[in-house]
Amino acid sequence: MTTAQPQELDVQPTPLALLLLGREADPRSERGVECPGDLPSPSDPDLVARARAAKEKLGDKVFVLGHHYQRDEVIQFADVTGDSFKLARDAAARPEAEYIVFCGVHFMAESADILTSDDQKVVLPDLAAGCSMADMATAEQVAECWDVLTEAGIAEQVVPVSYMNSSADIKAFTGKHGGTICTSSNAERALNWAFEQGEKVLFLPDQHLGRNTAVRGLGMSLEDCVVYNPHRPNGGLTAEELRAAKMILWRGHCSVHGRFSLDSVNDVRERIPGVNVLVHPECKHEVVAAADYVGSTEYIIKALEAAPAGSKWAIGTELNLVRRLANRFAAEDKEIVFLDKTVCFCSTMNRIDLPHLVWALESLAEGTLVNRIEVDKETEAFAKLALERMLALP
């Protein structure tokens, strides 16, 4: 549990279109977006100068982290960029920084709080910057799942493996039940370790990363995998199906990577002869199977860095990063396009915009701590245990 909690309001649900556009918030499902002060106008021509001034005033007291999927207007102020776990470790390596401003999403800020010292304060510029995938697995749902596994007589054989893209509560559950955390880079190592500890794995919360790693990395069949749906009785599975499975995949997915389809791959191959299709392992299995290369965000960046001049690439990951990479390598005559024809940003990541960053930095510069993300000590202890198991993976 963290201290950032939603307010109880009697409101009607916000239209989905407005949520996706990042123009509204749903107080019944989000952590809240109210700022105790005036949020700068997005049209303020002095926003960049104000951010620079506030950051300069704070000096070494602030360390700004920028996730790869972040907006260009925000990431220009990041002291380091990277994926979620790299950024959390970077924060822990800067003990002199009193404030860690995480330009990412909620679960990332939680991980940073878990790994940093008690003296450091992690700030998320907009508390509504969540993660749809992480929110697809709640502590109550996972506890109920474990009861189902217990009733099926297999809980003692199951080792939980949770993706980094999960809440602190889910990480804590994983640590408490002898499991480990994984990233998209080390998921195969994590699964190999887990199968040395038990006969089955409960993979949370992204079914696609779990399935792709099990089939492509460990040589399992699709029949070895079942999907546990928390919205159906007993996960929609019989006890026999659970006993026969090796991989019990949580029914969760990334709203960005889940949009890519086999049609996307076929279409881009027709439009761009000789194109290399490079996708993230959070994509659906049929997309991963049809791609030329599959790898984490860091893998994607390194692959494009090493790519020969004149090569053509279609990338299946978040659009901010793809566009940034296309601009970066244009001078090297590398053609880089988004895999899908439809524009697809991470809508929650994009809630961290320049006005929110300016507001957060200026508040800190004035001595006012805002939007602190703080994981309670018990949750932190078990979550850290799961993270430490990951760090100890061979």
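Only a predicted model underlies this, so the values are computations on that prediction, with no experimental measurement involved.

**Regarding the pairing of strand E3 (residues 99–103)**
No. 1: Buried residues dominate E3, accounting for 5 of its 5 residues.
No. 2: Every second residue of E3 is oriented toward a common face, with Tyr99, Val101 and Cys103 on one face and Ile100 and Phe102 on the other, all of them buried.
No. 3: Of the pairings in the sheet, the one linking strand E1 (residues 62–67) to E3 comprises 5 bridges and is parallel in character. When the bridges of E3 are listed, Leu65 appears paired with Phe102.

**Comments concerning unusual backbone geometry**
No. 1: Leu204 connects to Pro205 through a cis peptide bond whose omega is -20°.
No. 2: Relative to the elements of secondary structure, Pro205 occurs in the loop between strand E7 (200–204) and helix H9 (207–217).
No. 3: Even without glycine at this site, Asn234 takes up a positive phi of about 55°.
No. 4: Within the secondary structure layout, Asn234 lies in the loop between strand E8 (225–228) and helix H10 (239–244).

**Structural notes on the pattern of salt bridges**
No. 1: Summed over the entire model, instances satisfying the criterion amount to 15 salt bridges.
No. 2: One salt bridge connects Glu362 with Arg50, and the closest N-O pair in it is separated by 2.8 Å. With Glu362 in helix H15 (residues 354–365) and Arg50 in helix H2 (residues 47–58), this pair connects stretches of sequence that are 312 residues apart.
No. 3: The exposure class assigned to Arg50 is partly exposed, which follows from its relative accessible area of 27%.
No. 4: Glu332 is the partner of Lys334 in a salt bridge, and the nearest nitrogen-oxygen pair spans 2.9 Å.
No. 5: Each of Asp44, Arg50 and Glu362 takes part in salt bridges that share partners, so that together they form one network.

**Concerning the side chain of Gln70**
No. 1: Looking at the element boundaries, Gln70 is found in the loop between E1 and helix H3 (72–75).
No. 2: Aside from chain neighbours lying at most four places away, what touches Gln70 is Ile75, Cys103, Gly104, Asn320, Arg324, Met349 and Ile352.

**Here's the deal with the state of the cysteines**
No. 1: Evaluation of the coordinates by the stated rule reveals 0 disulfides.
No. 2: Cys283 takes part in no disulfide bond, and the closest cysteine sulfur to it belongs to Cys254, at a distance of 8.1 Å.

**As for the confidence of the model for the protein**
No. 1: Scored by pLDDT, the protein comes out at a mean of 88, with 90% of its residues at no less than 70.
No. 2: Residue range residues 3–35 is modelled with pLDDT below 50. Its contacts to residues more than four positions away, or to other chains, number 47 contacts.

**Digging into the environment of Gln207**
No. 1: Tracing the backbone through its elements, the reader meets Gln207 in helix H9.
No. 2: In this structure, the C-alpha to C-alpha distance between Gln207 and Val227, residues 20 residues apart in sequence, is 7.3 Å.
No. 3: In this structure Gln207 touches Val227, Leu249, Trp250, Arg251 and Gly252, once residues within four positions along its chain are discounted.
No. 4: Separated by 2.8 Å, the side chains of Gln207 and Arg211 make a polar contact.

**Quick notes on the nonpolar core**
No. 1: Ranked by size, the top nonpolar core spans 108 residues in total, and within it Val101, Phe203, Met247, Val279, Ile336, Leu339 and Leu361 carry the most contacts.
No. 2: Per-element tally for this core: the top contributor is H15, with 8 residues.
No. 3: Ignoring any residue separated from it by four or fewer positions in sequence, one finds Val279 in contact with Val287, Val288, Ala291, Tyr293, Val294, Gly295, Ile300, Gly316 and Leu339.
No. 4: Membership of the second largest hydrophobic core comes to 21 residues, among which are Val158, Leu204, Leu237 and Trp250.

**Brief notes about the packing of H2 against H15**
No. 1: It is at 9 Å that the axes of H2 and H15 come closest, and there the two elements cross at 30°. Judged by the angle between their axes, H2 and H15 are roughly parallel. In this structure, H2 meets H15 at a crossing whose hand is left-handed. Seen from H2, the contacting residues are Leu47, Val48, Arg50, Ala51, Ala54, Lys55, Lys57 and Leu58; seen from H15, they are Leu354, Pro355, Val358, Leu361, Glu362, Leu364 and Ala365.
No. 2: A per-class count over the contact of H2 with H15 returns 11 nonpolar, no polar and 4 charged.

Basis of the calculations
- Residues numbered from 1 in each chain as written.
- Predicted model: local features only at pLDDT ≥ 70, side-chain atom pairs only at ≥ 80, totals over all residues.
- Heavy atoms only, no water.
- Buried < 20%, exposed > 50% of the residue type's maximum accessible area, 1.4 Å probe, protein only.
- Helix = DSSP H or I, 4+ residues; strand = E, 2+ residues; numbered from the N terminus.
- Pairing = 2+ DSSP bridges.
- Salt bridge = Lys/Arg side-chain N within 4 Å of Asp/Glu carboxyl O.
- Contact = heavy atoms within 4.5 Å.
- Disulfide = S-S within 2.5 Å.
- pLDDT = per-residue confidence, 0-100.
- Polar contact = N/O pair within 3.5 Å; in protein donor to acceptor, adjacent residues only side chain to side chain.
- Core = buried A, V, L, I, M, F, W, Y, C linked by side-chain atoms within 4.5 Å.
- Axes fitted to C-alpha atoms, helices over the stretch in contact; angles between N-to-C directions.
- Parallel < 35°, antiparallel > 145°, perpendicular 65-115°, else oblique.
- Left-handed = near helix turned anticlockwise from the far one by under 90°.
- Nonpolar A, V, L, I, M, F, W, Y, C, P; charged D, E, K, R; others polar.

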